[in-house]
Amino acid sequence: MNKLEELKAKNPELDFYSVNDESFARYGCVLTQDYSSLIEAAKQLEYPAEGSKYMPSVESFEALPIREMIKEELFGELSVQLGNCWGYNSYLNALEWHKNSEINVAATDLVLLLAKLDDVKDGKLDSAKVKAFYVAAGEAIEVYADTLHFCPCQVSYDGFNCVVVLPEGTNTDLENKPSDKLLFRKNKWIFCHEDNEGLKAKGVVPAIYGKNYKVNY
């Protein structure tokens, strides 16, 4: 039994797919360029003692030649930042989105829990709309702008490691207080599961109801 089949068997409540499945086309696409230099750089990062960590920009990533290819070919010459999300997580917890695509490069096997903006009804999202997509180590994907996503989920006790590429400035502190309560950082709109007390305490709007899915492995 391969990893995807194992995950399907251990998570019967979730619709589970590979990013290579045709069902992923609604959420994003698989990229074919060589991202090995980014993956090797990501593997050099020290894991947090617990929980997950996100850095919008990692200096060692920014110095790599692949940055120019990503900027020119994938973001139409917009300035980009090469960051990383890594550590330990197994739960849905929240969903966020940006006004543009996000590039994810898997340095380890991981799972993304995804939904679409048009799944949101009257400002709320039923977690039953969420689907799980397995991304194997070494795979790179584009996640479309209207795809709701958040922290990857691990598929082993070793945690997860994912390169995150976005337009420069995304996920950094806002300069002004927004009228939109969902705008949490620059180019970052987010809402959390109604059971997530930690994010609610930070001011994230609770708008996901239903099961706060856990990815079992």
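The structure this text deals with has already been given above.
None of these values were measured; they are calculated from a predicted model.

A. Representation of the sheet that holds strand 11 (residues 147-148). The mixed open sheet is built from 4 strands, whose spatial order is 1-9-7-11. Here the strands that pair on one side only, and so sit at the sheet edges, are strand 1 (15-18) and strand 11. Where strand 7 (residues 110-116) meets strand 9 (residues 131-135), 5 bridges bridge the pair, whose relative direction is antiparallel. For Val111, the partnering residue across the bridge sits in strand 9 and is Tyr134. Each of strand 1, strand 7 and strand 9 touches helix 1 (residues 3-10); the most contacted strand, strand 1, lies at about 175° to it.

B. A look at the packing of aromatic side chains. Counted under the stated rule, the structure contains 6 aromatic pairs. On the numbers, 5.1 Å between centres and 55° between planes, the contact of Tyr27 with Phe133 is tilted. With a gap of 106 residues between them, Tyr27 in the loop between strand 1 and strand 2 (28-31) and Phe133 in strand 9 connect regions that are remote in the sequence. Taken individually, Tyr27 and Phe133 each receive the classification buried, so the pair is uniform in this respect. By way of ring pairs, the aromatic residues Tyr17, Phe24, Tyr27 and Phe133 are connected into one cluster. When the ring centre of Tyr27 is taken as origin, the NZ or CZ atom of Arg26, which lies over that ring, is 5.7 Å away.

C. Highlighting unusual backbone geometry. Residue Asn93 is not a glycine yet carries a positive backbone phi of 65°. The exposure class assigned to Asn93 is buried, which follows from its relative accessible area of 17%. A positive phi is found at Asn171, a non-glycine position, where the angle reads about 70°. When you line up the elements, Asn171 lands in the loop between strand 12 (160-167) and strand 13 (183-185).

D. How the structure looks around the sheet that holds strand 2. Pairing within the open sheet is antiparallel, and its 6 strands lie in the order 2-10-6-12-4-3. Whereas interior strands pair on both sides, the edge strands pair on one side only; in this sheet they are strand 2 and strand 3 (52-55). Along the sheet, successive strands turn relative to each other by an average axial angle of 20°, direction set aside. Summarising the sheet, strand 3 and strand 4 (residues 80-87) pair through 4 bridges and their orientation is antiparallel. The residue bridging Tyr54 from the neighbouring strand is Cys85, located in strand 4. The strands touched by helix 4 (residues 66-74) are strand 2, strand 4, strand 6 (102-106) and strand 12; relative to strand 4, the strand with the most contacts, the crossing angle is about 110°.

Rules of the game
Residues numbered from 1 in each chain as written. Predicted model: local features only at pLDDT ≥ 70, side-chain atom pairs only at ≥ 80, totals over all residues. Heavy atoms only, no water. Pairing = 2+ DSSP bridges. Helix = DSSP H or I, 4+ residues; strand = E, 2+ residues; numbered from the N terminus. Contact = heavy atoms within 4.5 Å. Axes fitted to C-alpha atoms, helices over the stretch in contact; angles between N-to-C directions. Phe/Tyr/Trp six-rings, centres within 6.5 Å; stacked < 30°, edge-to-face > 60°. Buried < 20%, exposed > 50% of the residue type's maximum accessible area, 1.4 Å probe, protein only. Lys NZ or Arg CZ within 6 Å of the ring centre and 35° of its normal.

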